[in-house]
Amino acid sequence: MSAKEKFAENAKLGKFLAHKCTKCGHLHLSTVYFCQKCGNRGSEDMVLGGTGLIATYTIITVPPAGFEKFTPYAFVVLKLDEADLRISGFMGGIATPEDLPVGTRAKIAGFDERGVIIEKAVK
């Protein structure tokens with residue numbers, strides 16, 4: 001299974017696949033091939049919970065081709081609870097800033113042709 005397939009499968013389960021440096025233990029996004037801290041090439045997969053806080057977002061009201069049926073939506077940046085990592089993803093049904101205050105609890109809810117799907121976390 002490719003790295004992209006492993007990432008997608010974990011996202012479908014509400015999890016986040018990261019890489020942990022085998023030399024210094026620094027956590028990275030799974031797309032990073034060299035440790036950003038020590039330069040080591042070795043890493044191991046680490047599965048994290050997919051919950052966190054919305055750090056920022058952009059509301060899309062004029063979508064690119066193929067995304068018309070999803071409008072309006074937000075392209076969000078989620079700061080994960082378990083690590084100092086941020087991931088981006090798609091959150092449907094967001095039309096105004098009042099719909100999604102920065103700092104809202106959210107979680108990974110899946111993966112499809114849009115990429116990582118994020119939804120508000122139930123309190």
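This report concerns the structure included in the present document. Quantities reported herein were computed from a predicted structural model and do not represent experimental measurements.

Conventions we followed
- Residues numbered from 1 in each chain as written.
- Predicted model: local features only at pLDDT ≥ 70, side-chain atom pairs only at ≥ 80, totals over all residues.
- Heavy atoms only, no water.
- Helix = DSSP H or I, 4+ residues; strand = E, 2+ residues; numbered from the N terminus.
- Rg over C-alpha atoms; globule rule 2.2 N^0.38 Å.
- Contact = heavy atoms within 4.5 Å.
- Areas by Shrake-Rupley, 256 points an atom, 1.4 Å probe, with all protein chains shown as cover.
- Lys, Arg positive; Asp, Glu negative; His and termini not counted.
- Charge placed at Lys NZ, Arg CZ, Asp CG, Glu CD.
- Salt bridge = Lys/Arg side-chain N within 4 Å of Asp/Glu carboxyl O.
- Buried < 20%, exposed > 50% of the residue type's maximum accessible area, 1.4 Å probe, protein only.
- Pairing = 2+ DSSP bridges.
- Phe/Tyr/Trp six-rings, centres within 6.5 Å; stacked < 30°, edge-to-face > 60°.
- Axes fitted to C-alpha atoms, helices over the stretch in contact; angles between N-to-C directions.

When helices and strands are tallied, the protein shows one helix and eight strands. Written out in order from the N terminus, the α and β elements of the protein read α-β-β-β-β-β-β-β-β. Whereas a compact globule of 123 residues would reach a radius of gyration of roughly 14 Å, the protein reaches 15 Å, a difference of no more than 12%. Here the C-alpha coordinates of the protein stretch approximately 45 × 30 × 25 Å along the principal axes. Residue pairs in contact within the protein that sit at least 24 positions apart in sequence constitute 48% of those at least 6 positions apart. For the protein, the exposed area adds up to about 7,100 Å²; of that, 55% sits on carbon and sulfur atoms. Side chains of the protein give 16 positive and 13 negative charges; the mean places of these two sets differ by 6 Å.

Before going further, it helps to examine the pattern of salt bridges. Within the structure shown, the criterion is met by six salt bridges. Lysine 6 is the partner of aspartate 45 in a salt bridge, and the nearest nitrogen-oxygen pair spans 2.8 Å. Taken together, the residues span a long stretch of sequence, with aspartate 45 in strand E3 (residues 43-49) and lysine 6 in helix H1 (residues 3-12) at a distance of 39 residues. For aspartate 45, a relative accessible area of 39% puts it in the partly exposed group.

For the rest of this paragraph, the subject is the pairing of strand E6 (residues 86-92). Of the strand pairs in this sheet, strand E5 (residues 73-80) and E6 are connected by seven bridges, and their pairing is antiparallel. Bridge assignment links alanine 74 to a residue of E6, and that residue is methionine 91. Here E5 hands over to E6 after five residues, the two strands then running antiparallel side by side.

Following the criterion strictly, the structure yields six aromatic pairs and no others. Between phenylalanine 70 and phenylalanine 90, the ring centres sit 5.6 Å apart and the planes meet at 80°, which makes this aromatic pair edge-to-face. With phenylalanine 70 in the loop between strand E4 (51-60) and E5 and phenylalanine 90 in strand E6, this pair connects stretches of sequence that are 20 residues apart. The class of phenylalanine 70 is buried, set by a relative accessible area of 17%. Owing to a relative accessible area of 3%, phenylalanine 90 belongs among the buried residues under this scheme. Counting every residue linked through ring pairs, the aromatic cluster contains Phe67, Phe70, Tyr73 and Phe90.

Turning to the sheet that holds strand E1 (residues 15-21), a few remarks are in order. Read from one edge of the open sheet, three strands run E2-E1-E3, paired in antiparallel fashion. Either end of the sheet is taken by a strand with one partner, and the two such strands are strand E2 (27-29) and E3. Taking each pair of neighbouring strands and ignoring which way they run, the sheet shows an average axis angle of 45°. The pairing of E1 with E3 spans seven bridges and is classified as antiparallel. Residue pairing in the sheet places histidine 19 in a bridge with aspartate 45 of E3.

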